[in-house]
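# Fold and geometry: a report
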Amino acid sequence: MARGATPRPARVLRRLSWGSEVDTNAVRDRLLKRRDELRQRASDASADLRHEADPLSADFAEQVTQRENDDVLGAISHSAREELQQVESALRRLASGRYATCSVCGEDIEPERLAAVPYTDRCRSCAEGGRAAGGRGARG
Ligand SMILES: [Zn+2]
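Values in this document were obtained by computation on a predicted structure and should not be read as measured data.

Attention now moves to the overall build of the chain. Looking only at helices and strands, the chain features 4 helices and 0 strands. Counting from the amino terminus, helix and strand elements in the chain follow one another as α-α-α-α. As displayed, the chain offers around 10,800 Å² of accessible surface, 48% of which is attributable to carbon and sulfur atoms.

Right, dumping it as structure tokens:
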């Protein structure tokens, strides 16, 4: 007599063939989750910056430490906001069907690149500076 082992729910693993179909629902979920995290982080950092919970100390040395801390918080809040903008624009591209298209050269963005940086809008070669910003190309 076999003891009733609960059968595991069958998990369908779909291999995506790139170019034909992207699992946009999974990507959107991931981006939305990331957006929430970033919003939370940005607002936590700005709440700390306003010293809502912990007012500036009267002690000068303490204040220096708090200011240094504020610099760090400012940087966190800044980078969270920047990433947030990228995530939001990725969500817009997703909605308009241009998610996996490089915004610079119009080619498909490599799937492994999207997996690593889901909000990127550039293919690897464009992101690595295919177009030199300074315009001074190495010649000869
Ligand atoms: Zn490109």
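Moving on, we come to the coordination of the zinc ion. Summarising the metal site, the zinc ion is bound by the protein donors Cys-102 (SG), Cys-105 (SG), Cys-123 (SG) and Cys-126 (SG), whose distances to it range over 2.2 to 2.4 Å. Every donor counted, the 4 donor atoms about the zinc ion form angles of 104 to 116° at the centre, which fits tetrahedral coordination. Read in sequence order, the donor residues for the zinc ion give the motif C-x2-C-x17-C-x2-C. For Cys-123, a relative accessible area of 4% translates into the label buried.

All right, on to the nonpolar core then. One finds Leu-31, Val-87, Leu-94 and Tyr-99 to be the most contacted residues of the largest nonpolar core, which totals 18 residues. Here this core takes 6 residues from helix α2 (residues 60–95), the largest share from any one element. If sequence neighbours within four positions are ignored, Leu-94 has contacts with Thr-24, Val-27, Arg-28, Leu-31 and Tyr-99.

For the rest of this paragraph, the subject is the side chain of Glu-83. Residue placement: Glu-83 occurs in helix α2. Excluding residues within four positions of it along the chain, Glu-83 makes contact with Arg-34, Leu-38 and Tyr-119.

A few words on a negative patch on the surface. A contiguous patch of negative charge, built from Asp-44, Asp-48, Asp-54, Asp-59 and Glu-62, is present on the exposed surface. Mapping Asp-59 onto the fold places it in the loop between α1 (24–49) and α2. Of the residues examined, Asp-59 reaches a relative accessible area of 41% and is grouped as partly exposed.

For the rest of this paragraph, the subject is the side chain of Ser-77. Along the chain, Ser-77 turns up in helix α2. Classification of Ser-77 as buried rests on a relative accessible area of 7%. Once you skip the residues sitting within four places of it in the chain, Ser-77 turns out to touch Ala-42 and Ala-45.

Glancing now at α1. Its 26 residues place the ends of α1 37 Å apart at the C-alpha level, agreeing with the 38 Å of an ideal helix rising 1.5 Å per residue. Regarding α1, the residues found buried are Val-27, Leu-31, Leu-38, Ala-42, Ala-45, Ser-46 and Ala-47. In the core, the buried residues of α1 are packed alongside α2. Within two residues after α1, His-51 carries a phi angle of roughly 55°, on the positive side.

Criteria and thresholds
Residues numbered from 1 in each chain as written. Predicted model: local features only at pLDDT ≥ 70, side-chain atom pairs only at ≥ 80, totals over all residues. Heavy atoms only, no water. Helix = DSSP H or I, 4+ residues; strand = E, 2+ residues; numbered from the N terminus. Areas by Shrake-Rupley, 256 points an atom, 1.4 Å probe, with all protein chains shown as cover. Donors = N, O, S within 2.8 Å, 3.2 Å for Na, K, Ca; no water. Tetrahedral: all angles 85-135°; square planar, octahedral: opposite > 155°, others 65-115°. Buried < 20%, exposed > 50% of the residue type's maximum accessible area, 1.4 Å probe, protein only. Core = buried A, V, L, I, M, F, W, Y, C linked by side-chain atoms within 4.5 Å. Contact = heavy atoms within 4.5 Å. Patch = residues over 30% accessible without salt bridge, like charges linked within 9 Å, V, L, I, M, F, W, Y side chains within 5 Å. Salt bridge = Lys/Arg side-chain N within 4 Å of Asp/Glu carboxyl O. Lys, Arg positive; Asp, Glu negative; His and termini not counted. Charge placed at Lys NZ, Arg CZ, Asp CG, Glu CD. Expected span 1.5 Å × (residues − 1).

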